Amino acid sequence: GGGARGQIALERMGCVDRVLSYCKTVNGRMDWSPQNPEGKETISNKQYATQVIQRDRLVAALLKEVEEKYANAVTVTHGVQCVSCEWTGAGGAILTRQPTECRSDEHTSGDEDEHETCEAPPVDDEAGVGVTVPVPRVTVPVPFVVGAEGASRRNATARAMDDDDACDAKMVRFEDMNPRVYKTIPINLPESYRDDLNYSARTKGGVALEALPTKEGLLVGILLVKPGDKETCAKLESRESLRKYFDEDFPMFTDFITDEDLELMAKRRLSTLPTFAYCGGGSLHRRVAEDGDSSQEAGGACLLGDSIHTVKPYFGLGVNSAFEDVTILDDCLTSAASSGKWTEALADYSKRRAEDAKALVDISRSFDGGFLTFVLPLILDGIFSKLLPNVFMPNTIQMTQKYDWRFSQVAKRKRRDRALQVAILASALGAMGTVAFMVGRTLVGLMIRAMTGGLAA
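Residues numbered from 1 in each chain as written. Predicted model: local features only at pLDDT ≥ 70, side-chain atom pairs only at ≥ 80, totals over all residues. Heavy atoms only, no water.

> I'm lost on empty space enclosed by the protein in this one. Help?
It is a probe the size of a water molecule, rolled over the atoms, that shows where empty space is left. What the rule picks out here adds up to four cavities of 30 Å³ or more. Of the volumes computed, that of the largest cavity is approximately 70 Å³. Forming the boundary of the largest cavity are F276, K312, Y314, F315, G316, L317, S364, F367 and D368. Of the residues belonging to the lining of the largest cavity, the class tally is five nonpolar, two polar and two charged. (1 Å grid on protein atoms, 1.4 Å probe; cavity = no way out; pocket = protein on both sides within 12 Å on 5 of 7 lines; lining within 4 Å. Points joined across faces, edges and corners; volume = space filled by probe spheres on them. Nonpolar A, V, L, I, M, F, W, Y, C, P; charged D, E, K, R; others polar.)

As structure tokens, then:
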């Protein structure tokens, strides 16, 4: 879902029209739950309506933008991955890339040269015999590198920065305390249904089916299940058990799902959601020169996107904030262009984005924490913001959608709101306790007087 942050960033990049041409506008939600079995429709009224697009389509739209507008400046290489990043004395790096078929999770040392080979998967020769074809690795020297391939060890740039004692950028990863696995299912929405809503259904057992529309009207459903829920997971393994499961738990969708799609869903493996991570140490870049160094040869490296803030895709904060990262890095590079110093630009980028990256992950983790860290704060924010709108801001989800607020500002403001809420509630409980004590003492006094008067009589 492309929100205000993402749309504004794409507009700055000059490619928002192309991306939006493949999007479907979503104007609200339709929710079914055990408390609302008939469903509840909620229509939103936002300055920037959410724009939904499949990830592959988004990539294709951006690739087309590059090929048509920047072919003379940008070379896109397909079917390869960067497996090693080795720093050079001038501040740049030597990248080693290889075909994705040779992907390895191991941390390579960076000592390979361009003649070294890796093992590709076996392929059939003319006789039908499986053979292994050696694939050459290619090294590419670069003055500047941006790591944007996520927070895992497969991200060669992030891995090199994480392993470099002289670099402050360090990955901080969190254990998933509320894991979910999922399978996808297409839902053929009938013409009688609105095609501009996010459809959502939840069961008593905590299983959720989230369905988002495509430009053509087809819904893409995502069935989210707890991995420990073995009973439900077993129901997802065959077409027959899936049909029965949808009939019983998701009757609002079952008539719009074909047996052929259920068969494909059954064969599909369960997928996992990303776990929370951010780039710590207060730095998102590798410093390559001391302050005041005027060397024009100094290069550098930095991280952006999921490499600095990995969150679960529940509230559309991942890709939107990644596009925002790009515009901020662009601002920093532009402002440092007059001096020609990478160090100024990258240090400024870290200063402007590192705190926000951490705040985004901290906020998203609170959304994933259950009643105490998610539901209860939403209830309190709803009550207090209505009673005292000049004092308290809306809930945190709504605050993260305010594109003119930094995530760090949202986090600080909600901490302030929470402290005031606790203080008011504590004062109210204290006052109630004092009143109860005074009433109790008065009643006891009256009872004693009554008893004393009765004895005297």
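Picking up after the structure, the text goes on.
> Looking at this structure, how should I read the confidence of the model for the protein?
Detailed reading of predicted coordinates is not advised where the pLDDT is low. Scored by pLDDT, the protein comes out at a mean of 86, with 85% of its residues at no less than 70. Note that pLDDT drops below 50 for residues 291–297; the model gives that stretch five contacts with residues more than four away or on any other chain. (pLDDT = per-residue confidence, 0-100. Contact = heavy atoms within 4.5 Å.)

> Honestly, the side chain of Q421 in this entry has me stumped. Any pointers?
One can find Q421 in helix α13 (residues 407–456). Residue classification places Q421 among the buried positions, given a relative accessible area of 1%. Setting aside residues no more than four positions away along its own chain, Q421 makes contact with L380, D381, F384 and F392. (Helix = DSSP H or I, 4+ residues; strand = E, 2+ residues; numbered from the N terminus. Buried < 20%, exposed > 50% of the residue type's maximum accessible area, 1.4 Å probe, protein only.)

> Could you clarify how one ought to interpret the sheet that holds strand β17 (residues 219–225) in this entry?
Adjacent strands of a sheet pair through backbone hydrogen bonds, lying either parallel or antiparallel. Pairing within the open sheet is mixed, and its seven strands lie in the order β3-β2-β15-β16-β17-β14-β18. Edge positions in the sheet fall to β3 (40–43) and β18 (271–272), since each of these pairs with one other strand and no more. Pairing between strand β14 (residues 181–187) and β18: two bridges, direction antiparallel. Residue pairing for β18: Y182 is matched across the bridge by S271. Packing against the sheet, helix α8 (residues 259–267) makes contact with β14 and β17, and its axis sits at approximately 165° to β14. (Pairing = 2+ DSSP bridges. Axes fitted to C-alpha atoms, helices over the stretch in contact; angles between N-to-C directions.)

> Can you walk me through the state of the cysteines in this structure?
Put plainly, a disulfide is one covalent bond tying together the sulfur atoms of two cysteines. As enumerated under the stated definition, the model contains zero disulfides in all. Distance from the sulfur of C167, which forms no disulfide, to the nearest cysteine sulfur (C279) is 7.4 Å. By relative accessible area, which is 2% here, C167 ends up buried. The thiol of C302 is not disulfide-bonded; the next cysteine sulfur, from C332, is found 9.3 Å away. (Disulfide = S-S within 2.5 Å.)

> When you look at the nonpolar core in this model, what are you seeing that I'm missing?
General note: in soluble globular proteins, nonpolar side chains tend to be found buried as a group. Residues W87 and Y349 are the most contacted members of the largest nonpolar core, which totals 33 residues. Contributing elements (two or more residues each) for this core: β5 (80–87), β6 (93–99), β12 (144–147), α4 (156–163), β19 (277–280), β21 (300–303), α9 (318–335) and α10 (342–367). The leading source of residues in this core is α10, at five residues. Every residue in contact with W87, bar those within four places of it in the chain, is listed here: G92, A93, V145, T157, A160, M161, D164, R286 and A301. (Core = buried A, V, L, I, M, F, W, Y, C linked by side-chain atoms within 4.5 Å.)

> For this particular structure, what's the right way to read the pattern of salt bridges?
Two side chains with opposite charge may pair up if their charged atoms get near one another. In the structure shown here, the tally under the stated rule is 34 salt bridges. With a closest N to O distance of 3.4 Å, K414 and D381 form a salt bridge. With K414 in helix α13 and D381 in helix α11 (residues 371–387), this residue pair connects regions lying 33 residues apart in the sequence. For D381, a relative accessible area of 1% puts it in the buried group. What you see here is one network of salt bridges that share partners, running through R5, E324, D325, R353, D356 and R406. (Salt bridge = Lys/Arg side-chain N within 4 Å of Asp/Glu carboxyl O.)

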